Amino acid sequence: HISILFPFFLGVLLAYMIYPSFATQTVSFTAFALFIGIAMSITAFPVLVRIVKDRNITKTSYGMTSLTCAAADDATAWYILAIVIAISTSTNLLMSVLMLIPILLYILFMIFVIKPFLQTLGAKINNQELDMRITTIVLVVLLLSALATELLGIHALFGAFLAGVMMPSTKDSELKERIAPRLEYVSLLVLLPLFFALTGLRTQINLLEPQHWLICLVIIAVAVVGKFVGSTVASKLMGGSWRDSLAIGALMNTRGLMELIVLNIGYELGILSPLLFTMFVIMALVTTFMTGPSLSLIDRVFQKKDN
């Protein structure tokens, strides 16, 4: 969680610097600072999994550690983001607190009602073919959960995320493993390209003037220092070698898809202006693209030292 706390702190400092010039008139400094902080704290778990698999480092200590940290980071960051959205959409602190009460009740309902229901459903079909009826029930749960969070004032994405978390994955109930392949085709071939197209349409690079590129470089630098340095130092303090610690820092600096989702939420809520949205999208792309070359550079440096 150091890889969340340190970049979050740097993000709040960055927000203090850019708020007067780049924030929209309707957003308060508190909501703006909290959102910039969480945008700096994201690690793209799905992208990280692909990188770790492609580089065949799943069985290394730093590969497993980075995946574990990224999973914990993503879960924590989503819940913090839900709180940030509740604060940004309310008029005062009291309303923010009151908005969190129904959100908490919704989470408890998902844990103590929906999760046991899905476990029972999965256990009944454990040795059977997954039919259309079960698939329909799962999709209805997914859509109702997304609708509930949208009505609660956070975002439909959180409901979909929590519905996925509630899916059982045990020996007695393998519903998650059975339903995932059916959803992946639609998600990867239709919905994901549409999401990237929407993000591309919102990214207006022509808005960036020479002075804006300087601010964009500062945003990238803050993002890299927050994730890379924070993760590396935390790993080293916990007894890791310099090679493993630097590799964990490079991997945790991957933002990718999860960062783009967060940025689009901020754009839709009016927290990010089109100009700031564009600069943060560039930051997300740069920090993701640099992961592979950073790992290769770290490997080369330590191979020379070993020789």
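In what follows, the structure referred to is the one given above.
Please read these numbers as outputs of a predicted model, since none were measured by experiment.

How each quantity is defined
Residues numbered from 1 in each chain as written. Predicted model: local features only at pLDDT ≥ 70, side-chain atom pairs only at ≥ 80, totals over all residues. Heavy atoms only, no water. Helix = DSSP H or I, 4+ residues; strand = E, 2+ residues; numbered from the N terminus. Rg over C-alpha atoms; globule rule 2.2 N^0.38 Å. Buried < 20%, exposed > 50% of the residue type's maximum accessible area, 1.4 Å probe, protein only. Contact = heavy atoms within 4.5 Å. Core = buried A, V, L, I, M, F, W, Y, C linked by side-chain atoms within 4.5 Å. Salt bridge = Lys/Arg side-chain N within 4 Å of Asp/Glu carboxyl O. Patch = residues over 30% accessible without salt bridge, like charges linked within 9 Å, V, L, I, M, F, W, Y side chains within 5 Å. Areas by Shrake-Rupley, 256 points an atom, 1.4 Å probe, with all protein chains shown as cover. Axes fitted to C-alpha atoms, helices over the stretch in contact; angles between N-to-C directions. Parallel < 35°, antiparallel > 145°, perpendicular 65-115°, else oblique. Nonpolar A, V, L, I, M, F, W, Y, C, P; charged D, E, K, R; others polar. Arc of directions from axis to C-beta. Phe/Tyr/Trp six-rings, centres within 6.5 Å; stacked < 30°, edge-to-face > 60°.

Enquirer: What exactly am I supposed to notice about the overall build of the protein here?
Expert: Each helix and strand counted, the protein has 13 helices and zero strands in total. The secondary structure elements of the protein, listed N-terminal to C-terminal, are α-α-α-α-α-α-α-α-α-α-α-α-α. Against the globule reference of 19 Å for 307 residues, the protein gives a C-alpha radius of gyration of 21 Å, in line with a compact fold. By principal-axis analysis of the C-alpha atoms, the protein measures approximately 55 × 55 × 35 Å. Split into buried and exposed, the 307 residues of the protein put 44% on the buried side. Of the contacts formed within the protein by residues at least 6 apart in sequence, a portion of 78% connects residues at least 24 apart.

Enquirer: What's the story with the nonpolar core in this structure? I'm lost.
Expert: Note on soluble globular proteins: their nonpolar side chains tend to be buried together. Within the largest apolar cluster, 72 residues are counted, with the highest numbers of intra-cluster contacts made by Phe32, Leu81, Leu276 and Phe280. Tallying contributions element by element places helix H12 (residues 274-289) first for this core, with nine residues. In this structure, Leu81 is in contact with Phe35, Ile38, Phe158, Val262 and Ile265, ignoring residues within four places of it in sequence. Core analysis: the second largest hydrophobic core is formed by 15 residues, Ile51, Ile57, Tyr62 and Ile248 among them.

Enquirer: For this particular structure, what's the right way to read the environment of Leu14?
Expert: The topology assignment puts Leu14 in helix H1 (residues 2-22). Leu14 gets classed as buried once you look at its relative accessible area, which sits at 3%. Residues Leu14 and Ala77 lie 63 residues apart in sequence; the distance between their C-alpha atoms is 18 Å.

Enquirer: How should the pattern of salt bridges be read in this particular structure?
Expert: Pairs can form between side chains of opposite charge once their charged atoms are near each other. By the definition in use, this model includes four salt bridges. With a shortest N-O distance of 3.8 Å, Arg55 and Asp299 are connected by a salt bridge. Here the residue Arg55 occupies a position in the loop between helix H3 (45-54) and helix H4 (61-89), and Asp299 occupies one in helix H13 (residues 291-306), the gap between them amounting to 244 residues. What makes Arg55 partly exposed here is its relative accessible area of 31%. Its salt-bridge partner being Lys227, residue Asp73 comes within 3.0 Å of it at the nearest N-O pair. Taken together, the positions of Asp73 in helix H4 and Lys227 in helix H9 (residues 210-237) put the pair 154 residues apart, joining distant regions of the chain.

Enquirer: Explain a nonpolar patch on the surface to me, please; I cannot follow it from the model alone.
Expert: Together, Leu98, Ile101, Leu104, Leu105, Leu108, Phe109, Ile111, Phe112 and Val113 make up an exposed nonpolar region whose accessible area comes to about 850 Å². Its place among the elements puts Val113 in helix H5 (residues 93-124). Using a relative accessible area of 40% as the deciding quantity, one classes Val113 as partly exposed.

Enquirer: Please explain unusual backbone geometry as it appears in this structure.
Expert: Among all residues save glycine, negative phi is the norm, and among peptide bonds the norm is trans. Positive phi outside glycine occurs at Asn56, with the angle close to 55°. Residue position: Asn56 is located in the loop between H3 and H4.

Enquirer: Is there a simple way to explain the packing of H1 against H4 in this structure?
Expert: The description of two helices packed together rests on the angle between their axes and the distance between the axes. Where H1 contacts H4, the axes come no closer than 10 Å and their chain directions differ by 45°. Regarding the angle of H1 to H4, the classification is oblique. Contacts between H1 and H4 involve Ser3, Ile4 and Phe8 from the first element and Asp73, Thr76, Ala77 and Ile80 from the second. In the contact of H1 with H4, the residues fall into four nonpolar, two polar and one charged.

Enquirer: I keep staring at helix H7 (residues 156-166) and nothing clicks. Help me out?
Expert: Within H7, the full set of buried residues consists of Phe158, Gly159, Leu162, Ala163 and Met166. Projection of H7 onto a plane perpendicular to its axis shows the buried side chains occupying an angular sector of 135°, all on one side.

Enquirer: Help me out: how do you make sense of the packing of aromatic side chains in this one?
Expert: The description of an aromatic ring pair uses the distance of the two centres, along with the angle that the planes make with each other. Evaluation of the coordinates by the stated rule reveals five aromatic pairs. Relative to Phe29, the ring of Tyr16 has its centre 6.3 Å away and its plane inclined at 85°; by these criteria the two rings are edge-to-face. With Tyr16 in helix H1 and Phe29 in helix H2 (residues 29-40), the pair connects residues that are 13 residues apart, well separated along the chain. You can call Tyr16 exposed: its relative accessible area is 62%. The partly exposed category is assigned to Phe29, whose relative accessible area is 31%. With 4.9 Å between their ring centres and 55° between their planes, Tyr267 and Phe277 make a pair best called tilted.

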